[in-house]
Structures are given as C-alpha cells and as structure tokens.
Amino acid sequence: MTDSVGAITARPEATFSGGEFGQIGAMVRERVLAVDVGGTKLAAGVVDPDGRVGSQARVPTGGRNADELFESLAGLVEPLLDAESVTGIGVGCGGPMSADGGLVSPLNIPQWRDFALAGHLADRTGLPVVVDNDAKALALGEGWCGAAVGNRDYLAMVVSTGVGGGLVVDGRLLHGAAGNAGHIGHVVVEPDGPACACGRRGCLETVASGPAIQRETGRPASEADLEVRRRTGDLVGQAVATVVNLLDIPLVVVAGSVALGFGVPFFEAAQERLDRECGLEFTRDARIVPAGLGADGPLVGAAALWHHARRRSEEAGVEGTS
Ligand SMILES: [Zn+2]
C-alpha cells in the first residue's frame with residue numbers, strides 16, 4: 001500500500017531506476033536543492049548529505065501573477081543548478097495544498113491557486129521534485145539535524161505569522177487524510193476568544209500569532225513587553241499540553257519569529273504551563289525547547305522532505321517486490 005502524500009513528481013526520463021533506489025548509501029550521500037516558498041521571500045540552497053546548507057540565494061516573493069512568480073523562482077534555482085549537481089529538489093511551501101503536494105494554494109501567496117508547482121519545476125529543471133507543507137519540513141529537518149535528533153516522538157511547531165506544526169510519532173511523520181496532521185494552530189486555548197477562520201473561537205493561532213499579538217496590543221510582536229511574551233508562552237504551553245496528553249510525545253521543538261524572538265520568558269512560561277498540565281506518569285517529563293536549526297531550518301527541512309520521500313519510495317519498492 002502506498003499513499004501519495006509528498007510524492008515525487010518527475011518527468012518520465014527523470015524517474016529513478018530500481019537499482020539506484022535500492023542503494024541506501026547512494027541515498028544518504030545525495031545533495032539536494034532545497035527551496036522554501038514563503039509569503040515574503042523565496043529561498044533556495046544546496047544542502048549536502050550532512051544537512052549543511054552551501055550556496056544559497058533568495059528573492060522577495062513578487063510577481064503579478066502565477067507565471068511571473070514562477071519565473072522569479074526559476075531565476076533563483078537555475079544558477080544554483082548550473083553551479084552544482086544535485087539529485088533532486090525538495091520544496092517546503094505554505095498550505096493548503098493537494099494531498100500529494102501537486103497543487104499548491106498558499107494562503108499568503110494569492111498568485112498561486114491550485115498551482116502545479118512540482119510539475120512546473122520538474123519540467124523546467126528535468127529533476128524529480130517533492131513538494132510538501134513547510135511545517136512538516138520543519139519537523140523532518142529538526143529530526144535530521146536539529147533539536148529533535150534521536151527522538152522518535154515529537155511535535156515541531158512554528159509560532160510566527162501563523163501557528164502550525166508537524167508530528168513525528170513512532171518515528172514516522174504523520175500526514176492525515178489531506179496532509180495537514182499536526183496543525184496545532186487550531187487547538188482552542190480561549191473558548192471565548194476571537195473568532196477563527198476555522199469556525200471555532202480562541203484557537204491558538206488567534207491569540208499567539210504575530211498578527212494576533214499586534215491586534216491585541218496595538219504594537220508589532222517584536223515590541224512585545226515581558227508580560228505579553230510570558231502570556232504567549234503560557235498559551236502555547238496550554239495547547240502543547242493537550243497534544244502531549246493525547247499523543248504521548250515527550251518533546252516539542254518550537255521555531256518561528258514570535259517564539260524565538262520572545263526567547264527565554266516565552267519558553268519558561270510554556271514549560272511551566274506544560275508542567276502544570278502534564279501530570280500523567282507518561283507525560284510528566286515532557287519538554288518544550290527552541291528549534292535547533294535557526295535560519296537554515298526551512299532549507300534543511302525542504303531537503304529533509306526530499307530524503308523522506310526517497311526513503312518512502314524505496315520502502316514501497318521493497319514491499320512491492322517481496
Ligand atoms: Zn481555528
């Protein structure tokens with residue numbers, strides 16, 4: 001049985017042969033072109049087999065329409081591909097997207113609605129392409145060479161312009177029916193709080209995201225005082241406690257400009273809340289910590305999406321031939 005989440009999109013001539021696929025060593029030593037598609041910037045870089053980001057480039061997310069934006073991305077990617085050889089392309093992108101990552105409609109990029117990003121990139125470069133949610137990219141990247149290395153059960157989340165996350169349970173990245181598992185932004189922390197686009201009130205995203213904090217305080221999140229920093233950490237800790245109690249995950253790593261910018265007061269308040277609300281024997285030691293990859297996180301994560309999809313294809317191939 002195979003599912004199509006984060007599937008590899010390739011032109012026929014770029015499809016791997018079974019022989020290449022079967023060699024774990026070859027897979028581990030691959031260099032990958034990583035792409036991060038965000039609402040404010042597009043970034044691309046070559047990520048080596050140890051998760052180090054080499055040559056990289058970025059441009060503001062612009063373009064009046066879908067094609068112009070894609071040309072801007074192609075202009076970013078092509079010089080890197082000319083300079084260095086890579087095996088494939090991994091792309092982390094804001095959601096929503098179709099379950100196989102084939103069609104993307106990032107909320108904060110109105111130029112792309114049901115845009116065939118993987119297909120266009122594969123056609124343009126001749127390389128196989130994997131596109132998936134940027135929160136899931138973060139989860140895989142942190143497990144590969146960030147703050148979750150060696151852990152089989154954890155949540156990786158972002159507290160930034162939005163609040164989202166990706167879950168790894170039993171050593172496997174969870175996808176869910178439409179590929180959005182781990183979206184902690186819609187766990188309710190204030191039942192009478194602000195209305196959320198999802199139809200509920202007081203979702204974590206409506207009180208802890210950068211725009212929510214600005215709405216509440218009248219100032220950008222970067223100017224938040226100590227009380228706001230602690231309060232935001234407390235709310236994140238409350239939502240995280242729900243996930244820890246539900247899924248038995250002892251580790252939560254947090255990235256994003258709001259969380260990392262708020263720093264120690266945020267993480268202390270989050271951990272205190274977690275300690276108060278995780279009193280079961282199996283949840284008592286749960287920890288919430290800053291993400292380990294810093295500014296390289298999105299590109300390392302995008303490369304990790306590639307390695308992950310490649311491994312899944314190999315597993316499916318092995319199952320299919322046994
Ligand atoms: Zn919601």
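Residues numbered from 1 in each chain as written. Predicted model: local features only at pLDDT ≥ 70, side-chain atom pairs only at ≥ 80, totals over all residues.

Looking at the overall build of the protein chain
What counts is decided by this rule: A run of H or I in DSSP counts as a helix once it spans at least four residues, and a run of E counts as a strand once it spans at least two, with each numbered from the N terminus. The size measure is the radius of gyration over C-alpha atoms, and the globule rule it meets is 2.2 Å times the number of residues to the 0.38 power. We call a residue exposed when 12 or fewer other C-beta atoms sit within 10 Å of its C-beta, buried when the count reaches 20 or more, and partly exposed for counts in between; the C-beta positions come from the backbone. In this description, a residue-residue contact is defined by the distance between C-beta atoms placed from the backbone, which must lie within 7 Å.
Of the regular secondary structure elements, the protein chain holds 11 helices and 11 strands. The C-alpha radius of gyration of the protein chain comes to 19 Å, within 12% of the 20 Å expected for a compact globule of 322 residues. Scored against the burial criterion, the 322 residues of the protein chain give a buried share of 45%. Across the protein chain, the fraction of contacts at a sequence separation of at least 24, relative to all contacts at a separation of at least 6, is 65%.

A look at the domain arrangement of the protein chain
Put simply, the rule reads: Per the annotation, domain bounds derive from an automatic or database assignment of domains. Throughout, the ten residues Ala, Val, Leu, Ile, Met, Phe, Trp, Tyr, Cys and Pro are labelled nonpolar, Asp, Glu, Lys and Arg are labelled charged, and all others, Gly among them, are labelled polar.
When cut into domains, the protein chain gives domain 1 (25-137 + 296-317) and domain 2 (149-292). Spacing between the C-alpha centres of domain 1 and domain 2 amounts to 26 Å. Counting residues at the interface gives 9 residues for domain 1 and 12 residues for domain 2. Among the secondary structure elements, those contributing two or more residues to the side of domain 1 that touches domain 2 are helix 5 (134-145) and helix 11 (297-321). Taken together, the residues that form the side of domain 1 that touches domain 2 break down as 3 nonpolar, 5 polar and 1 charged.

A look at helix 4 (residues 117-125)
What counts is decided by this rule: Throughout, the arc means that of the directions going from the helix axis to the C-beta atoms.
For helix 4, the set of buried residues is L117, A118, L121 and A122. Buried residues in helix 4, looked at end-on, bunch into an arc of 125°, giving them a common side. Buried residues along helix 4 sit in contact with strand 1 (8-9), strand 5 (88-93) and strand 6 (129-133).

Regarding the pairing of strand 7 (residues 154-159)
Quick note on the threshold: Following DSSP output, two strands are said to pair if at least two bridges run between them.
Of all 6 residues in strand 7, 6 are buried; the element is thus mostly enclosed. Side chains of strand 7 alternate between two faces, with Y154, A156 and V158 and L155, M157 and V159 buried alike. Hairpin connection from strand 7 to strand 8 (residues 163-169): 3 residues lie between these consecutive antiparallel strands. Pairing geometry for strand 7 and strand 10 (residues 251-255), over 5 bridges, is parallel. Paired with V158 across the strands is A255, a residue of strand 10.

Overview of the sheet that holds strand 2 (residues 32-37)
Short version of the rule: Geometry is summarised by axes, namely lines fitted to C-alpha atoms with helices restricted to the contacting stretch, and by angles between N-to-C directions that run from 0 to 180 degrees.
As summarised here, the arrangement of the 6 strands in space is 1-6-5-2-3-4, forming an open sheet in which the pairing is mixed. Bordering the open sheet on either side are strand 1 and strand 4 (53-60), each of which pairs with just one other strand. In this structure, strand 2 lies alongside strand 3 (residues 41-47), joined through 6 bridges in antiparallel fashion. Looking across to strand 3, one finds that V32 is bridged to V47. Of the strands in this sheet, strand 2, strand 3 and strand 4 touch helix 3 (residues 66-83), which is tilted by about 15° from strand 3. Here helix 4 sits on the sheet and contacts strand 1, strand 5 and strand 6; the angle it forms with strand 6, its principal contact strand, is near 155°.

Here we look at the confidence of the model for the protein chain
What counts here: Confidence scores here are pLDDT values: one per residue, from the predictor, ranging 0 to 100.
Averaged over all residues, the pLDDT of the protein chain equals 90, while 91% of them reach at least 70. Throughout residues 12-27 the model reports pLDDT below 50, and contacts reaching past four residues in sequence, or to other chains, amount to 14 contacts.

Some remarks on unusual backbone geometry
The omega torsion across G95 and P96 is 0°, close enough to zero to call that bond cis. With respect to the element layout, P96 can be found in the loop between strand 5 and helix 4. Its identity as a non-glycine residue notwithstanding, D170 has a phi of 55°, on the positive side. Among the secondary structure elements, D170 is positioned in the loop between strand 8 and strand 9 (172-173). Its 8 C-beta neighbours within 10 Å are what place D170 among the exposed residues.

Some details on the packing of helix 8 (residues 226-247) against helix 10 (residues 264-277)
Counted only if it meets this: Roughly parallel refers to an angle under 35 degrees, roughly antiparallel to one over 145, roughly perpendicular to one between 65 and 115, and oblique to any angle outside these ranges. Definitions for this section: a left-handed crossing has its near helix turned counterclockwise from the far helix by less than a right angle. A right-handed crossing has that turn clockwise.
Interaxial distance between helix 8 and helix 10 falls to 7 Å at its minimum, and their mutual angle equals 40°. When the interaxial angle is binned, helix 8 and helix 10 end up oblique. You can see that helix 8 and helix 10 cross each other, and the crossing is right-handed. Residues L226, R229, R230, T232, G233, D234, V236, G237, Q238, V240, A241 and V244 of helix 8 form the contact with helix 10, whose own contacting residues are P265, F266, F267, E268, A269, A270, Q271, E272, R273, L274 and E277. Taken together, the residues that form the contact of helix 8 with helix 10 break down as 11 nonpolar, 5 polar and 7 charged.

A short note on the pairing of strand 10
In terms of burial, strand 10 is a largely internal element, 5 of the 5 residues being buried. Residues L251, V253 and A255 line one face of strand 10 and the alternating positions V252 and V254 line the opposite face, and both faces are buried. With 4 bridges joining them, strand 10 and strand 11 (residues 287-290) adopt parallel strand pairing. Following the sheet pairing, V254 is matched in strand 11 by P290.

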